[in-house]
Amino acid sequence: MQDNHKVIEAYERGWLIFGLAMILVFIGVIAYTVLNRGETISRGAGQIDVATVRTTSPFANPRVEQVGGEYVAYVQAFAFGYLPAEIKVKKGVKVTFYITSPDVQHGFYVEGTNINPQIIPGEVTKLEYVFKKAGTYRIVCNEYCGIGHAQMFGKIVVEE
Ligand SMILES: [Cu+2]
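Please read all numbers here as calculations on a predicted model, not as lab measurements.

**Q** How would you sum up the nonpolar core? Please name residues and give values.
**A** Membership of the largest hydrophobic core comes to 25 residues, with the highest contact counts inside it found for Val89, Phe97, Phe108, Val110, Ile115, Phe131 and Ile156. Breaking this core down by element, the ones donating at least two residues are strand E3 (70-78), strand E5 (86-90), strand E6 (94-100), strand E10 (123-130), strand E11 (135-140) and strand E12 (153-159). Among the elements that make up this core, the one with the highest residue count is E3 (4 residues). Look past the residues within four positions of Val89 in its chain and what remains in contact with it is Val64, Tyr71, Val95, Phe131, Ile156, Val157, Val158 and Glu159. By size, the runner-up hydrophobic cluster in this structure holds 6 residues, among which are Ile48, Phe59, Tyr74 and Val124.

**Q** Give a detailed account of the packing of aromatic side chains, specifying residues and quantitative values.
**A** What the rule picks out here adds up to 7 aromatic pairs. A network of ring pairs unites the aromatic residues Phe59, Tyr74 and Tyr98 as a single cluster.

**Q** Give a detailed account of the pattern of salt bridges, specifying residues and quantitative values.
**A** In total, this model carries 8 salt bridges according to the counting rule given. A salt bridge links Lys94 to Glu128; its shortest N-O distance comes to 3.9 Å. With Lys94 in strand E6 and Glu128 in strand E10, this residue pair connects regions lying 34 residues apart in the sequence. Exposure remark for Glu128: the relative accessible area of 27% places this residue in the partly exposed category. Close ionic contact of Glu111 with Arg138 constitutes a salt bridge, the shortest N to O distance being 2.9 Å. Residue Glu111 is located in the loop between strand E8 (109-110) and strand E9 (118-119), and its partner Arg138 is located in strand E11; the two are separated by 27 residues in the primary sequence. On the basis of relative accessible area, Arg138 is assigned to the partly exposed category, the value being 38%. A cluster of three or more residues bridged by salt bridges with shared partners is formed by Glu70, Lys94 and Glu128.

**Q** Could you give me a rundown of the pairing of E6, with the residues and numbers involved?
**A** Taking burial as the measure, the 7 residues of E6 include 5 buried ones, the bulk of the element. In this sheet, E6 lies alongside E3 in parallel orientation, the contact comprising 6 bridges. Directly across from Tyr74, in E6, lies its bridge partner Tyr98. Across 6 bridges, E6 lies against E10 in antiparallel orientation. Across the sheet, Tyr98 pairs through a bridge with Lys126, a residue of E10.

Rules and cut-offs
Residues numbered from 1 in each chain as written. Predicted model: local features only at pLDDT ≥ 70, side-chain atom pairs only at ≥ 80, totals over all residues. Heavy atoms only, no water. Core = buried A, V, L, I, M, F, W, Y, C linked by side-chain atoms within 4.5 Å. Buried < 20%, exposed > 50% of the residue type's maximum accessible area, 1.4 Å probe, protein only. Helix = DSSP H or I, 4+ residues; strand = E, 2+ residues; numbered from the N terminus. Contact = heavy atoms within 4.5 Å. Phe/Tyr/Trp six-rings, centres within 6.5 Å; stacked < 30°, edge-to-face > 60°. Salt bridge = Lys/Arg side-chain N within 4 Å of Asp/Glu carboxyl O. Pairing = 2+ DSSP bridges.

Shown next as structure tokens:
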């Protein structure tokens, strides 16, 4: 019995070292991703008054505009849809999204990409992305927002 305990302890030590080493590997991989390809990590871009989102610039006029050689999109995620209803951009061109909500919390998951920020009323979410493939991408709300949640979709058209 005494000997068994020793054997178990020795293996257990090995497993703990292996487990901790794996956690360090994962932290390393996460750090690499953040430093090298963290473009879709959303950032806070300031606060906004929820009551006037629909009536004051820039979100009163949801749009995609060309600034220099890039796109800037001002997006409203509302119950239950997205404005503009169709975001049109070109392949290979950087798009900076500014997204907010005039009502409750929403999601902005763009299928086929790693764009997946949470949209919080009162906060402006900013993220950047370069679409590498032309096509139609669906935006999905993946934060529960009420009775229309399951039907809340948007559209991004990426042209050649
Ligand atoms: Cu929603």
